[in-house]
Protein chains: 2
Amino acid sequence: MRKSIATVSVSGTLTEKLEAIAAAGFDGVEIFENDLLACPLPPERIRALAADLGLSIDMYQPFRDFEAMPTLDLRRAERKFRLMERLGADLLLVCSNVSPQAIDDDELAAEQLRLLAERAADHGIRIAYEALAWGRHVNEYLHAWRIVRMADHPDLGTCLDSFHILSRGSDPIGIEAIPGEKIFFLQLADAPLLAMDVLQWSRHYRCFPGQGNFDLAGLVASVLETGYAGPLSLEVFNDHFRQADTGRTARDGMRSLIALEADLHGVAHPVVPAGFAFAELADTGSLGGLLGALGFARTGRHATKPVELWAQGGARLLLNATGADPALIAIGLDSPDPAGAAKHAESLLSPVLPRERAPKEARLEAVAAPDGTEIFFCDDAWLGDFSPSEPVAGTITGIDHVALTQPWHHFDEAALFYRSVLGLRPQESLELPDPYGLLRSKAMSTQDGRVRMVLNLAQVGAADIPWQHVALACDDVIGMARRLRAERPESLLPIPDNYYDDLEARHEVDPELRHLGVLYDRDEHGEFLHLYTVTVGRVFFEIVQRTGGYQGYGAVNAPIRLAAQHAGGHH
Amino acid sequence: MRKSIATVSVSGTLTEKLEAIAAAGFDGVEIFENDLLACPLPPERIRALAADLGLSIDMYQPFRDFEAMPTLDLRRAERKFRLMERLGADLLLVCSNVSPQAIDDDELAAEQLRLLAERAADHGIRIAYEALAWGRHVNEYLHAWRIVRMADHPDLGTCLDSFHILSRGSDPIGIEAIPGEKIFFLQLADAPLLAMDVLQWSRHYRCFPGQGNFDLAGLVASVLETGYAGPLSLEVFNDHFRQADTGRTARDGMRSLIALEADLHGVAHPVVPAGFAFAELADTGSLGGLLGALGFARTGRHATKPVELWAQGGARLLLNATGADPALIAIGLDSPDPAGAAKHAESLLSPVLPRERAPKEARLEAVAAPDGTEIFFCDDAWLGDFSPSEPVAGTITGIDHVALTQPWHHFDEAALFYRSVLGLRPQESLELPDPYGLLRSKAMSTQDGRVRMVLNLAQVGAADIPWQHVALACDDVIGMARRLRAERPESLLPIPDNYYDDLEARHEVDPELRHLGVLYDRDEHGEFLHLYTVTVGRVFFEIVQRTGGYQGYGAVNAPIRLAAQHAGGHH
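What counts as what
- Residues numbered from 1 in each chain as written.
- Chains lettered and ligands numbered in written order.
- Predicted model: local features only at pLDDT ≥ 70, side-chain atom pairs only at ≥ 80, totals over all residues.
- Domains from an automatic or database assignment.
- Contact = placed C-beta atoms within 7 Å.
- Helix = DSSP H or I, 4+ residues; strand = E, 2+ residues; numbered from the N terminus.
- Nonpolar A, V, L, I, M, F, W, Y, C, P; charged D, E, K, R; others polar.
- Axes fitted to C-alpha atoms, helices over the stretch in contact; angles between N-to-C directions.
- Parallel < 35°, antiparallel > 145°, perpendicular 65-115°, else oblique.
- Left-handed = near helix turned anticlockwise from the far one by under 90°.
- Least-squares fit on C-alpha atoms with pLDDT ≥ 70 in both.
- Pairing = 2+ DSSP bridges.
- pLDDT = per-residue confidence, 0-100.
- Expected span 1.5 Å × (residues − 1).
- Buried ≥ 20, exposed ≤ 12 C-beta atoms within 10 Å, placed from the backbone.
- Arc of directions from axis to C-beta.

Thoughts on the domain arrangement of chain A
Residue and element names in this part refer to chain A. Looking at the assigned domains, one finds that chain A contains domain 1 (3-264), domain 2 (275-386) and domain 3 (396-566). Inter-centroid distance (C-alpha atoms) of domain 2 to domain 3 is 22 Å. At the interface, 28 residues of domain 2 touch 29 residues of domain 3. Contributing elements (two or more residues each) for the side of domain 2 that touches domain 3: β9 (275-282), α12 (287-293), β13 (327-334) and α13 (338-347). Here the side of domain 2 that touches domain 3 is composed, by residue class, of 17 nonpolar, nine polar and two charged.

Some thoughts on the packing of helix α9 (residues 216-225) of chain B against helix α11 (residues 246-264) of chain B
Describing two packed helices takes the angle between their axes plus the distance from one axis to the other. Residue and element names in this part refer to chain B. Packing of α9 against α11 brings their axes to within 9 Å, and their N-to-C directions diverge by 65°. In this view, α9 runs roughly perpendicular relative to α11, as classed from their interaxial angle. Of the two possible hands of crossing, α9 and α11 adopt the one that is right-handed. Contacts between α9 and α11 involve L216, A217, V220 and A221 on the former and, on the latter, L260, D263 and L264. Class assignment for the residues of the contact of α9 with α11 results in six nonpolar, no polar and one charged.

Some details on the relation of the copies chain B and chain A
Of the two same-sequence chains, chain B is brought onto chain A (RMSD 0.0 Å, axial shift 0.0 Å) by a rotation of 180°. Taken together, the rotation and translation relating the two chain copies correspond to the operation of a two-fold axis. Distance from the rotation axis, computed per C-alpha, reaches its smallest value in chain B at M196 of chain B: 1.9 Å. Here 100% of the contact residues of chain B are again contact residues in chain A; the copies associate through an equivalent surface.

With respect to the sheet that holds strand β6 (residues 156-161) of chain A
Residue and element names in this part refer to chain A. Overall, parallel pairing links the eight strands, which are arranged β1-β2-β3-β4-β5-β6-β7-β8 in a closed barrel. Across the sheet, the mean angle from the axis of one strand to that of its neighbour is 30°, orientation sign disregarded. Here three bridges tie strand β5 (residues 126-130) to β6, and the two strands are oriented parallel to one another. Considered in β6, the bridge of I127 is made with L156. Sheet strands in contact with helix α4 (residues 75-87) are β2 (28-32), β3 (56-63) and β4 (91-95), and its direction is about 160° off that of β3.

Overview of the interface of chain B and chain A
With 46 residues of chain B in contact, the opposing surface of chain A contributes 46 residues. Only α2 (33-37), α4 (75-87), α10 (239-243), β18 (437-445), α16 (497-506) and α18 (558-566) of chain B provide two or more residues apiece to the side of chain B that touches chain A. Looking at the side of chain B that touches chain A, its residues break down into 24 nonpolar, 11 polar and 11 charged.

Here we look at the confidence of the model for chain A
Mean pLDDT for chain A: 93, with 97% of residues reaching 70 or above. What the predictor reports for the complex is a pTM of 0.91 with an ipTM of 0.87.

A look at helix α5 (residues 106-122) of chain A
An α-helix turns once per 3.6 residues; consequently, residues spaced three or four apart project the same way. An ideal rise of 1.5 Å per residue puts 24 Å on 17 residues; α5 of chain A measures up with 25 Å between its terminal C-alpha atoms. Where the residues of α5 of chain A are buried, they touch α4, β4, β5, α6 (141-151) and β6 of chain A.

Some words on the pairing of strand β22 (residues 526-532) of chain B
Residues and elements named next belong to chain B. β22 sits mainly inside the fold: five of its seven residues count as buried. In this sheet, β22 lies alongside strand β21 (residues 519-522) in antiparallel orientation, the contact comprising four bridges. In the sheet register, L519 faces β22, and the bridge partner there is H530. The turn linking β21 back onto β22 is made up of three residues. Bridge count for β22 against strand β23 (residues 539-548) is seven bridges, and the pairing is antiparallel. Within the sheet, the bridge partner assigned to E527 lies in β23 and is T547.

Re α6 of chain A
Residue and element names in this part refer to chain A. The complete set of buried residues in α6 reads Y141, A144, W145, I147, V148 and A151. The arc enclosing the buried residues of α6, seen along the axis, measures out at 160°, which places them on a common side. At its buried positions, α6 is contacted by α5, β5, β6 and α7 (162-166). Count one or two residues on from α6 and you reach D152, which has phi positive near 50°.

Things to note about the environment of P388 of chain A
Residue and element names in this part refer to chain A. Inspection of the secondary structure puts P388 in the loop between β15 (374-378) and β16 (396-406). Residue classification places P388 among the partly exposed residues on the basis of 16 C-beta atoms within 10 Å. Residues P388 and D215, 173 residues apart in the sequence, show an inter-C-alpha distance of 46 Å. Those residues in contact with P388 that lie beyond four places of it in its chain are T299, G300, L309, A311 and L383.

Focus on unusual backbone geometry
That bond from Q61 of chain A to P62 of chain A is cis: its omega, -10°, falls within 30 degrees of zero. Its place among the elements puts P62 of chain A in strand β3. We note that D65 of chain B has phi near 55°; this positive angle belongs to a residue other than glycine. When you line up the elements, D65 of chain B lands in the loop between β3 (56-63) and α4. Of note, S387 of chain B is a non-glycine position whose phi angle comes to about 35°, a positive value.

Comments concerning the sheet that holds strand β2 (residues 28-32) of chain B
Working definition: the strands of a sheet are paired by backbone hydrogen bonds and lie parallel or antiparallel to each other. Residue and element names in this part refer to chain B. If you trace the eight strands once around the closed barrel, you get β1-β2-β3-β4-β5-β6-β7-β8, paired in parallel fashion. On average, each strand axis in the sheet is tilted by 30° relative to the strand beside it, whichever way the strands run. Relative to strand β4 (residues 91-95), β3 runs parallel, the two sharing two bridges. Considered in β4, the bridge of Y60 is made with L92. Its contacts with the sheet place helix α5 (residues 106-122) against β4, β5 (126-130) and β6 (156-161), and it is angled at close to 150° to β5. Along the sheet, helix α6 (residues 141-151) contacts β5 and β6; its crossing angle with β6, the most-contacted strand, is approximately 170°.

With respect to the environment of P100 of chain B
Tracing the backbone through its elements, the reader meets P100 of chain B in the loop between β4 and α5. Considering only alpha carbons, one finds P100 of chain B and M69 of chain B, 31 residues apart in sequence, at a separation of 9.6 Å.

Notes on the packing of α11 of chain B against helix α14 (residues 411-420) of chain B
Residues and elements named next belong to chain B. Running from amino to carboxyl end, α11 crosses α14 at an angle of 30°, the nearest separation of the two axes being 11 Å. Taken together, the axes of α11 and α14 lie roughly parallel to each other. Here α11 and α14 pass one another in a crossing that is left-handed. Between α11 and α14, the contacting residues are D252, R255, S256 and A259 on the first element and E413, L416 and S420 on the second. Class assignment of the residues belonging to the contact of α11 with α14 gives a composition of two nonpolar, two polar and three charged.

Set out below in structure tokens:
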């Protein structure tokens, strides 16, 4: 299907927007009126620029407060039609009236829209009438369609906007009542579920399909059922996108439409990872001692690179002597089809990483995540580069999850990347109080829970450490804590006694937790024991033990952990 | 009255919070549980620290989901009482139950609260029961009071929270039905009027009294009517405050209580400025030419400092050769009582600026605004330092308003400063689309409109120029524009033709506006003509003409102006 985007969805001047939109591979654009008004180029030049860039101008928008008025005003519309002729746009979006003067009279609305369509037809222009979710009298998409049908003019149709439909809780299945040729345009936006005024929600929190909570594939399926043959067009108002890099946002929008199309065609996500193969950490020599204390052993060295393999049970960590401060730089995922996974990632516009390798080394497929973390798709061949000995046995059994702090204006992009490229499903989203701000956090995992990720949103403005961590699954956190406390107490993040006073008021727990600095949570499924190491560079380790079917990440304890980290749990 | 603040209202560790709160002059604190849990100090040490700092611990909070439960749980409460004994706190806040298990039964709630109060009394502790605005069954303050009265225990009273009362639209006059001795505590927070879920509103957007839209003085007056003798205590949850400087936020909270007390005592704002005396600009020699083109003349030089006076009609601008790039550095306000105005500002914790002066120079009273702009309170004596000639006659008659861009985390502080220190009243608040983000803007003015200010909020994160501007009132903007276009066209900000196509579609306007680059707006009172110069350094000038009773600032045109400025209207 053709792919389009409204210019309001990205930041910059109109020229910057058009160039970025074309570079991202879109076929067309909706020109948002304010972008045109603020542009120093005359409409003819904008038309030529779009044509040079290979972009069709699919719609000019919005035209407000027209229908169902006490007196018909065609003068303003005539001006816009002349402008659209200069611009080469032949479809005008008319939003349902929000004016207090508007009359609640469908026949009047239909009559005035019919007159508008007649006048538009003289200019070769068609009218797409849309119900705004906050329209004064018309705010349901079926109501707008009723008026369009009543007006009965070939150049008048309806425009559907997923936000206006789904934000009101309307069922999109009614779309199938509309003949496809009367749906003149389809605008798509997702949004997180927020309990707020719908106008504010729309103007600040829309996002690209797959970044929010709406079922866009279901809505689009109903639209396609009607025979609609127009473009899928993104129309997003988002405070972060308004400030973010224009080209990057446009590419992210394109990624969202590619992923949506794949969903529509019932393409199951082709290559869902089966687990964590490894986590790779930049190191300057300070991490080995800590890993040793956790029971890891160095079980291999890379044949040609300054990379060591440390392993225990099913957990494998690579220490890469890049010279940079300790940080998580790459994640290896066990993939049933590494080449297919990389190809899928590339189809979703993820940058494929070049991989220099010595003649005998394993071929590794890798892409860059939005924050620069390298994501490797692995079969077992990579281990051959390390000639590893057997992993030592211990209580650590594998990697439970990896937590990455995202730059604040790329949080939605990262969520879409992990969802569309890796097939992770969004779980809980939280806001956690930190002594110096609120931390937003979003958990994602594969359906089987073998790959779990936590995305944290870096604080805006305030000085802030982009911590990352690797959580290691352990079948005896208490034993691990005893050993660390005895052998290497300085590596444990100190947890305040006051936490345990409160914990013991809430739950009956083993008094040894307090002595060991082990944190505790439970949900209706089971229990969660966890402890933290101090931070080295940007990175720390969490040791976690899930019992029963506990599904969370101990979020209730995160404020305690964050405060302890700020208080100086660094090395 | 005693002044208190909840530790959650400011950022930092508990130790940092207590130190900052004491330094700001508060008498007491509410200890917020999460702050204590995350603190490595035992309760006895926290108690000693507060005592050393001269702070009483007025309340420990919150204790949640206790009353009207199927089974009474006093075990958790007992733990908290023991903690409070160690902490030296004798008042516990119990919030109305939000648990789905809570039963809608006032008698059960009263009975369980009475048992809690009995147990508390054994520890010398009292219970303050508060209706959360989102409580499951109890969410109105009078309902909480009904239950407290039903329980009828001397150690059980109610806690009133202005946010929980006013956010629901409840009338605070009902407070006068409660005997003062049964109001155990009063928490104060203001908030902007937002159409959103009350829980989200409360957790992210509370602010200090005077920064939002609630009538706190009216509510507190009703509380005092009852004979309440406890503290005024601030309890604010605000995303910005969580990230801002601890000491600065605490001082701002204290300022809000001082201003609130003055309102309560019916103290009219003592010294409202009568107009703009001058605006002072840092300059490196580039502004004089522009001012000359606008019809200003240099009419004086400071006796001892490198400062020139440029004047026209009632508008006076000082150019200060500080060597810094052009920027607005000071605002002079005509004051009926400069010393009184400075004293009032100082009582509101504004930093009074030292003023070195030569023996013969006028004494000038000045304070620093939150963004560092110097605010001078003037009578006519300051002009003596410049031995000015008569101002030239021209079409510019005075300073209409001054617009300042505020650092993003000090926007609320600035609004409170201009309201409490200068007596300005908040007018419209707007969000204006800029090519690279949304710009928040708040207008304020004296009641007579002689001093108008616009506070703009700097973008978060994105690269951004903290523009400031001086808007000059003119009685012939068209004539001014003709002259500039003829004599100095490069000094005019170019306005796109597309703007005029739209303007002419909306209004019948003089076609010459397009040629001259003059912008237009109107409201129900009158019309507004305005034009902009290009930006020099951080500063630009706007020339405005109000006809009829137009009250706004041409906000509808701001996106056009912002885009033109980004497009390169700099010199």
